[in-house]
Structure formats: C-alpha cells, structure tokens
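# A closer look at the structure
The residues making up each chain are set out below.
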Amino acid sequence: MQAIVVNQRGAARLRGGHVWVYRSDLVPSSEAAPGALVEVRDDRGKRLGSALYSSASQIAIRLLSGDEITEDSLPGLLRARIASAVEFRRRTAPDTDSYRVIFSEADLLPGLVVDKYNDVVTIQMVTQAFDRDDLRQTVLESLVEHFPDASLVERVDAHIRKLEALPARDSQILRGERTSTIFTLNGVRFHFDGLSGQKTGAFLDQRENYAAAARYAHGEVLDVFTYQGGFALHLARVCQRVAAVDSSRPALEVAEQNEQLNRDQHRSGEIEWIEANAFDLLKDYATAGRQYDTIVLDPPAFAKTKRAITTALRGYKELNLRALKMLRPGGILVSCSCSFHVSEAEFLEMLGSAAADVGRVVRVLEKRGAAQDHPVLLNLPETAYLKCVICEVLT
Ligand code: SAH
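Residues numbered from 1 in each chain as written. Predicted model: local features only at pLDDT ≥ 70, side-chain atom pairs only at ≥ 80, totals over all residues. Heavy atoms only, no water.

## Focus on the sheet that holds strand β7 (residues 112-117)
Inclusion rule: Any two strands with at least two DSSP-identified bridges between them are counted as paired. Every helix listed is a DSSP run of H or I at least four residues long, and every strand listed is a run of E at least two residues long, numbered separately from the N terminus. Only the contacting stretch of a helix is used when fitting its axis, a line to C-alpha atoms as for every element, and angles between N-to-C directions run 0 to 180 degrees. Should any heavy atoms of two residues lie within 4.5 Å, those residues are counted as being in contact.
Within the open sheet, the 5 strands sit side by side as β6-β7-β8-β9-β10. Their pairing is mixed. Of all the strands in the sheet, just β6 (98-103) and β10 (172-175) have a single pairing partner and so form its edges. In this sheet, neighbouring strand axes are inclined to one another by 25 degrees on average, regardless of whether the strands run parallel or antiparallel. Here β6 pairs with β7 via 5 bridges, running antiparallel. Each bridged residue has a counterpart across the sheet, and for serine 98 the counterpart in β7 is tyrosine 117. Sheet strands touched by helix α2 (residues 74-92): β6 and β7. Its angle to β6, the strand with the most contacts, is close to 150 degrees.

Next up, the structure:
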C-alpha cells in the first residue's frame with residue numbers, strides 16, 4: 001500500500017478529528033497515484049489511518065478510517081457506509097420523496113454526494129478516488145440495490161473535474177430512462193431536470209426551513225434570492241401576497257412553472273416574480289418606504305474563503321438592515337447564510353448590529369441549520385455551513 005507522510009500540523013488536524021489534510025501539510029516528496037487508497041503516517045512513522053489521495057486537489061488526502069483499510073476491504077467498507085447513509089435517511093427524512101442520500105464527509109464517504117428527487121437519483125463523484133472505475137462501479141451497484149426503481153443520473157461539475165485534473169465528462173444517465181421528474185417537499189411540487197441545459201433542482205438542505213418559515217410567515221411577503229421559488233411557493237399557501245426576487249431569468253422561469261404546479265393550493269394571488277439585483281432592489285424599495293410582513297433572505301455563499309469574511313459580513317448586513325427597515329411591527333425575517341466561513345455567532349452578531357442601526361427591537365424565534373438529511377459532524381465545521389435564523393420584529 002502506498003504511504004503518505006503528513007507533517008505535524010497535518011497530524012494534529014487528523015488527531016483533532018478532521019479528515020482533510022492539505023497538500024501544504026504533506027512532507028515534501030510524499031506522493032501517491034491519483035485516487036489511490038493510501039496509508040497515512042506522521043513524520044515519526046506512526047500510523048494515522050487510511051485515506052483517499054488526490055494528486056491535484058489542495059485537499060490532498062481525505063481520511064476514510066483510523067483503522068487500516070486495504071484495496072480488498074475498500075468496496076465492502078463503501079457498501080456498508082452507503083447502507084448506513086440510506087438507513088439514516090429512513091429515520092431522519094421519512095416523509096419526503098426527496099432528500100440528500102449521501103453527503104460526502106458527513107456520511108464518511110468523502111467525495112460522494114447523492115441526492116434523491118422522487119424517482120431520479122443524482123450522483124456526484126467529485127474526487128479522483130470516486131472517479132476510479134472500480135469505485136464508481138461499487139457505488140452504482142449499491143445505489144441500484146437501495147433504489148431499484150429510480151433512474152440514476154451522474155451530475156458533473158466541469159470546474160471540479162478540472163481542479164481534480166480529471167478528463168472532462170458530460171453529465172449522463174447511468175441507469176433507467178428518466179432524467180426529469182416532479183418531486184415534492186412538504187407537499188409543494190417542483191420540477192426537476194437532471195440533464196437538460198436548463199438544469200433544475202433544489203436546495204434540499206432548506207426543506208425543513210421552508211416548513212418552519214411557513215409556520216410564522218404572514219401578510220405580504222418578499223422572498224429575496226428565490227431561485228426556483230423554494231420559500232415563495234411554500235409561503236404562498238399561507239400568506240396574502242408574495243413577491244420573489246432573483247437575478248437569474250432561467251431560475252425565475254422554472255419558478256413560474258413550479259407555481260403552475262401548486263396554484264390550486266395558493267392562498268395568495270399570483271406570485272410576482274421579479275428579475276433584479278437584490279442589493280439594488282432592496283435599496284430602492286427601502287428608500288421608497290415599502291413595507292412587508294415577512295421577508296426571506298437566502299443569498300448565495302458570499303464568503304467562499306476565509307479572507308472574504310469581512311466583505312461577506314458587510315454584504316449580509318446591508319441586506320438584513322434594509323429588510324429589517326421594511327418589516328412592519330410583528331413582521332418576520334427569515335435570514336439565511338450558507339457560507340461556512342461565517343459562524344452562527346458572527347451571523348447573529350451581524351443581525352444584531354443591523355437591528356441596532358435601524359433602531360428595531362428583534363426577537364429570535366428559531367436558530368436553525370440544514371435539514372437532518374444534511375448531517376453535521378463534530379470536529380468537521382464544514383458540515384455545519386447553513387444558518388437560518390427566524391426573527392420577529394417587535395418594534
Ligand atoms: N432561496 C432559494 C435558494 C437561493 S440560491 C431556494 O430556497 O431554493 C441563491 C440565488 O441567488 C440564486 O438563484 C442566484 O441566481 C441568486 N442571486 C445571486 N446573486 C444575486 C443578486 N445579486 N441579486 C439577486 N439574486 C442573486
């Protein structure tokens with residue numbers, strides 16, 4: 001078995017319970033074949049476990065186990081972990097046809113992400129190791145066993161394949177015939193298409209937050225960064241009026257099609273889909289003195305790196321400040337952040353400072369994270385990326 005030697009910082013990271021070691025924390029000259037199963041040692045030769053190696057990514061190894069694994073035992077280990085990931089969802093996501101089946105490190109399967117959208121299961125194999133023919137085969141066979149009636153679609157992110165120095169590959173259907181379907185979250189129906197140029201999907205991690213938001217939302221709603229209508233479609237069932245904003249026209253087109261699927265259940269009139277830059281729109285609306293009873297903010301990850309935190313917090317604050325300004329007393333703010341680099345504490349502090357700046361008194365109703373099918377591992381902070389804070393503006 002090939003061995004990889006990590007320096008003291010890398011060893012400390014693994015001993016601290018993390019599973020990644022960056023290339024800069026390998027001892028120079030420590031190398032293995034792309035995607036190899038490797039034994040990890042510290043610089044004194046002490047064994048730290050078995051890992052999957054990437055020759056290209058900044059994340060050079062992803063630990064699979066503190067125990068020794070061999071090429072012979074690897075497929076069995078993967079099958080067992082896939083089985084327990086599936087079983088975990090049976091317990092934590094029993095009432096939905098759509099959920100994340102496997103979430104990479106959080107399911108001890110680093111590099112493998114599997115989502116289920118009703119009868120279409122999508123697979124992303126994002127590391128050199130999971131791109132190996134033998135491991136792909138193991139994964140596919142397992143998934144067919146667990147989801148015998150589903151179509152399997154491989155979704156490829158060209159950028160990630162480049163980072164892993166893997167040859168380009170198109171998204172493709174691996175089994176069955178369906179690549180598109182209609183799926184349901186909390187009784188709300190959505191279009192899914194895993195292959196067409198106009199890809200559709202969902203932020204499955206928000207499933208439980210959609211339901212939570214609907215428990216508090218009322219009156220006139222503004223859903224900012226709506227994508228294909230996730231929050232807006234849920235809130236249209238319980239609120240009088242819903243407007244939703246996104247800068248992506250294709251996303252809004254799917255949102256409108258999703259609206260058609262759910263129209264009969266809407267208490268609101270037609271949803272107003274607005275194509276705009278959220279920052280400009282919130283500024284204009286706030287300046288014009290518009291008011292709402294419920295505002296949802298679910299922006300893309302502003303802080304993609306540690307260094308970007310300050311700028312990201314400024315962005316979050318600007319959005320939240322304007323939203324708080326426009327909420328009527330008794331109004332509800334649902335404010336999300338999917339930047340793992342911004343901690344929950346920093347996010348709450350930002351919210352507090354925004355509230356103080358606009359002179360609003362705000363009560364925190366719920367501090368939420370991703371749905372349970374996106375599990376969080378202690379010692380792996382990257383798995384706790386999503387924050388969703390639901391607040392009530394008192395005065
Ligand atoms: N709330 C959505 C997910 C939002 S993802 C859901 O529950 O499904 C983030 C969205 O922000 C994307 O749809 C993207 O098109 C949009 N976006 C990114 N930058 C934007 C901007 N400056 N103004 C408006 N929308 C933006």
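After that view, the rundown keeps rolling.
## A closer look at the site of the ligand
Applicable threshold: The near set for a molecule or strand comprises every residue that places at least one heavy atom within 4 Å of it. Distance and chemistry together define a polar contact, namely a pair of N or O atoms within 3.5 Å, with one atom able to donate a hydrogen and the other to accept it when in protein, and with adjacent residues in sequence counting only for side-chain atoms on both sides. The accessible surface values rely on the Shrake-Rupley method and a 1.4 Å probe; as for residues, cover is taken only from the protein chains in view. Residues are sorted three ways: Asp, Glu, Lys and Arg are charged, Ala, Val, Leu, Ile, Met, Phe, Trp, Tyr, Cys and Pro are nonpolar, and all the rest, Gly among them, are polar.
Around the ligand there are 15 residues in total, and Tyr210, Phe225, Asp246, Ala278 and Asp298 lie nearest to it. Separating a nitrogen atom of the ligand from a backbone N or O atom of phenylalanine 225 is a distance of 2.9 Å. Burial of the ligand by the protein chains amounts to 84% of its free accessible area of 580 Å². Each residue belonging to the shell around the ligand can be placed in one class, and the counts come to 8 nonpolar, 5 polar and 2 charged.

## Looking at empty space enclosed by the protein
What counts is decided by this rule: Buriedness of a pocket was judged along seven lines, with at least five required to meet protein on both sides within 12 Å; pockets are open sets of points on a 1 Å grid over the protein atoms alone, cavities are sets where a 1.4 Å probe fits but cannot get out, and lining residues have an atom within 4 Å of a point. Grid points are joined across faces, edges and corners, and a volume is the space filled by probe spheres set on the points.
Summed over all chains, the structure comprises 2 cavities of 30 Å³ or more. There is about 70 Å³ of room inside the largest cavity. Elements with a contribution of two residues or more to the lining of the largest cavity: β8 (120-125) and α5 (158-163). Split by residue class, the lining of the largest cavity holds 4 nonpolar, 1 polar and 4 charged. The volume enclosed by the second largest cavity comes to roughly 40 Å³.

## Examining the nonpolar core
Formally: Nonpolar core, defined: a set of buried Ala, Val, Leu, Ile, Met, Phe, Trp, Tyr and Cys residues in which side-chain atoms within 4.5 Å join the residues together. Classification of residues uses two cut-offs on accessible area relative to the type maximum, computed with a 1.4 Å probe and protein chains only: under 20% is buried, over 50% is exposed, and between them is partly exposed.
Residues Leu222, Val224, Ile295, Leu297 and Leu333 are the most contacted members of the largest nonpolar core, which totals 34 residues. Looking at this core, the elements with two or more residues in it are β13 (220-224), β14 (241-246), α9 (278-287), β16 (292-297), α10 (309-326), β17 (327-337), α11 (344-357) and β19 (387-393). Considering each element in turn, this core owes the most residues, 7 residues, to α10. Setting aside residues up to four positions removed in sequence, leucine 333 forms contacts with Ile295, Leu297, Asn320, Ala323, Leu324, Leu327, Leu351, Val389, Ile390 and Cys391. Tyr117, Val120, Val153 and Val188 belong to the second largest nonpolar core, which has 32 residues in total.

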